[in-house]
Amino acid sequence: MGQGYYTITRITDYGPYVTKIILPVPQTVKKAAVKPEQFSVYVERMDEKGEILSLPKSWMAPDDKEPSKGYIPVTGAYPSDIDGNSAESGGFITLEMAYGPLMQLSASICAPAGFNVYIKSRYRITQTTDIETAEGKLTGLFYDFLLGNQSPDAAGFLNSTSSCEPEPLNYGYFIPQDVEEGKRPLIVWMHGAGEGGVDATIAYTGNKVVRLASPEVQKLFGGAYILAPQTKTFWLNDGSGEYGRTGKSMYVDALKATIDEFVEKNPGIDRDRIYIGGDSNGGFMTMRMIVDFPEYFAAAFPICEALYDELISDQDIENIRHLPIWFTHAKNDPVVDPDETVVPTYKRLIAAGAPDVHFTFWDCVKDIHEGFKDAEGNPYEYFGHFTWIPMLNDDCKLDYDGKPVCKNGKEVTLLEWLAMQKRS
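Residues numbered from 1 in each chain as written. Predicted model: local features only at pLDDT ≥ 70, side-chain atom pairs only at ≥ 80, totals over all residues. Heavy atoms only, no water.

Caption draft 1: Main features of the overall build of the protein. In terms of helices and strands, the protein carries eight helices and 24 strands. Expected size for 424 residues packed as a compact globule is a radius of gyration near 22 Å; at 23 Å, the protein falls within 12% of this value. Taken along the three principal axes of its C-alpha coordinates, the protein extends 80 × 50 × 45 Å. A separation threshold of at least 6 residues defines the contact pool for the protein, and within that pool the share at least 24 residues apart is 71%. Put simply, the protein shows about 18,500 Å² of open surface, and 50% of that area lies on carbon and sulfur atoms. (Helix = DSSP H or I, 4+ residues; strand = E, 2+ residues; numbered from the N terminus. Rg over C-alpha atoms; globule rule 2.2 N^0.38 Å. Contact = heavy atoms within 4.5 Å. Areas by Shrake-Rupley, 256 points an atom, 1.4 Å probe, with all protein chains shown as cover.)

Here it is in structure tokens:
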């Protein structure tokens, strides 16, 4: 049996990955003596029974599966403290590992049964060459059990469950810290179909929803509460358990009750600044909620939303045309056809005289923040459905006509625009 190691999980645009492994070492090591090639990292990704998972190689080939195990390239190595911070010398060695769309062995989650879940990844780290220290050579180090994991991106988030019968909902939440006196807005995030289940952590870490709690985004809002409810199935479930075309959801009352309860528990929330948005299945639920409660929310930001336009009546359009809405979608989305959902709905709202409705319509979604590359070394192009990536990175700036969105005479991004909204 070997020694124990620590890991650090980072929430990226493509989900959570173990990006660093931290190794306690018995001697102080210096930066010049530590190199990536001195270690190999092997991983086995397992289910709750301890069996190695058989998973798709990519989103584009869901039926092409293979055992989820193998070696992960070590891209960096240096002395550090226990939190993985680089140092000139130290009693820990941090290994930086390859991760991203082309290195899914580093991913912390997968969807073996339709929902994303956190999995157990068993690493075996082997020292392959000696390391010189002032006390002699370090040799033969081997690590094979986890001592602990940190996920700094999710710091400040907590989980709870509503008391709303007969359908209590799990949820994650964030309460703003270090803000001036006064009430603060609430951002309600509706997760996609892959983030349903019974672990509320998935609702805000399966995608990079944690960015809404980052210092830069919190500064835009002067501090904002975040609520990420989770359905045990999927928001589009009308009670049949199937992805139908009724436009109904069995969770409308439970979701509204959960939001109301959270607002009641947190008197610091400004009830005139409650915003709702989400992606895919959550985009559908965003639309469902603003149609059913058109006077409750101050603004909405549906992403690749899946409420068919044919199910939205002319009266519904009239009821929500006053509401500030910013849609996001991609033209090459193979999951939700924008010509059946967002495009006609947006055009009907504009024709009805909606004064503050916008639509960023991407040709495709390419990586511009993580440095992910495809096999040819070009910026990685994500699956066309993944338009929550530019939304959460606040890259949405252009309207449907290709011109910048302006508010109060100023060009704004989606999140800047959202922070300005207040219910009349």
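Caption draft 2: Structural view of the environment of Phe386. Positionally, Phe386 belongs in the loop between strand E22 (357–362) and helix H7 (388–392). Classification of Phe386 as buried rests on a relative accessible area of 5%. Sequence separation of Phe386 and Ala330 is 56 residues, and the distance between their C-alpha atoms is 8.2 Å. (Buried < 20%, exposed > 50% of the residue type's maximum accessible area, 1.4 Å probe, protein only.)

Caption draft 3: Structural context of the sheet that holds strand E1 (residues 3–12). Taken in spatial order, the eight strands of this open sheet run E6-E3-E11-E14-E1-E2-E8-E7, and their pairing is mixed. Strand pairing shows two members of the sheet lacking a second neighbour, strand E6 (69–72) and strand E7 (74–80), which therefore form its edges. Strand-to-strand twist in this sheet, taken as the mean axis angle between neighbours without regard to direction, amounts to 30 degrees. (Pairing = 2+ DSSP bridges. Axes fitted to C-alpha atoms, helices over the stretch in contact; angles between N-to-C directions.)

Caption draft 4: Geometry of the sheet that holds strand E21 (residues 325–330). Taking strand neighbours across the sheet as the criterion, the eight strands line up as E15-E16-E18-E17-E19-E20-E21-E22 in an open arrangement whose pairing is mixed. Each edge of the open sheet is held by one strand with a lone partner, namely strand E15 (157–161) and E22. The mean angle between the axes of side-by-side strands here comes to 20 degrees, regardless of whether they run parallel or antiparallel. Most of the contacts of helix H6 (residues 342–351) go to E22, to which it runs at about 150 degrees, and overall it touches E21 and E22.

Caption draft 5: Structural context of the pattern of salt bridges. The final tally for this structure, using the stated rule, is 20 salt bridges. Here Glu216 and Arg211 are joined by a salt bridge, their closest N and O atoms 3.8 Å apart. With a closest N to O distance of 2.9 Å, Lys331 and Asp363 form a salt bridge. Here Lys331, found in the loop between E21 and H6, pairs with Asp363, found in the loop between E22 and H7; they are 32 residues apart in sequence, far enough to count as distant. Among the residues examined, Asp363 registers a relative accessible area of 52% and is labelled exposed. (Salt bridge = Lys/Arg side-chain N within 4 Å of Asp/Glu carboxyl O.)

Caption draft 6: Structural view of unusual backbone geometry. Of note, the amide linkage connecting Glu165 to Pro166 takes the cis form, showing an omega dihedral of 5 degrees. Secondary-structure assignment places Pro166 in the loop between E15 and strand E16 (170–174). The residue Asp394 is not glycine, and still its phi comes out positive at about 60 degrees. Topologically, Asp394 is positioned in the loop between H7 and strand E23 (406–407).

Caption draft 7: Representation of the pairing of strand E18 (residues 225–230) within the structure. Of all six residues in E18, six are buried; the element is thus mostly enclosed. Side-chain alternation along E18 places Tyr225, Leu227 and Pro229 on one buried face and Ile226, Ala228 and Gln230 on a second face that is also buried. In this sheet, E18 lies alongside E16 in antiparallel orientation, the contact comprising five bridges. Bridge pairing links Asn170 to Gln230 in E18.

Caption draft 8: Looking closely at the side chain of Asp367. Here Asp367 is to be found in the loop between E22 and H7. Of the side chains bearing the opposite charge, Lys373 lies closest to the buried Asp367, which forms no salt bridge; the N-O distance is 6.6 Å. Separated by 3.2 Å, the side chain of Asp367 and the backbone nitrogen of Glu370 make a polar contact. Filtering out sequence-adjacent residues up to four positions away, Asp367 remains in contact with Asp13, Phe372, Pro379, Tyr380 and Tyr382. (Lys, Arg positive; Asp, Glu negative; His and termini not counted. Polar contact = N/O pair within 3.5 Å; in protein donor to acceptor, adjacent residues only side chain to side chain.)

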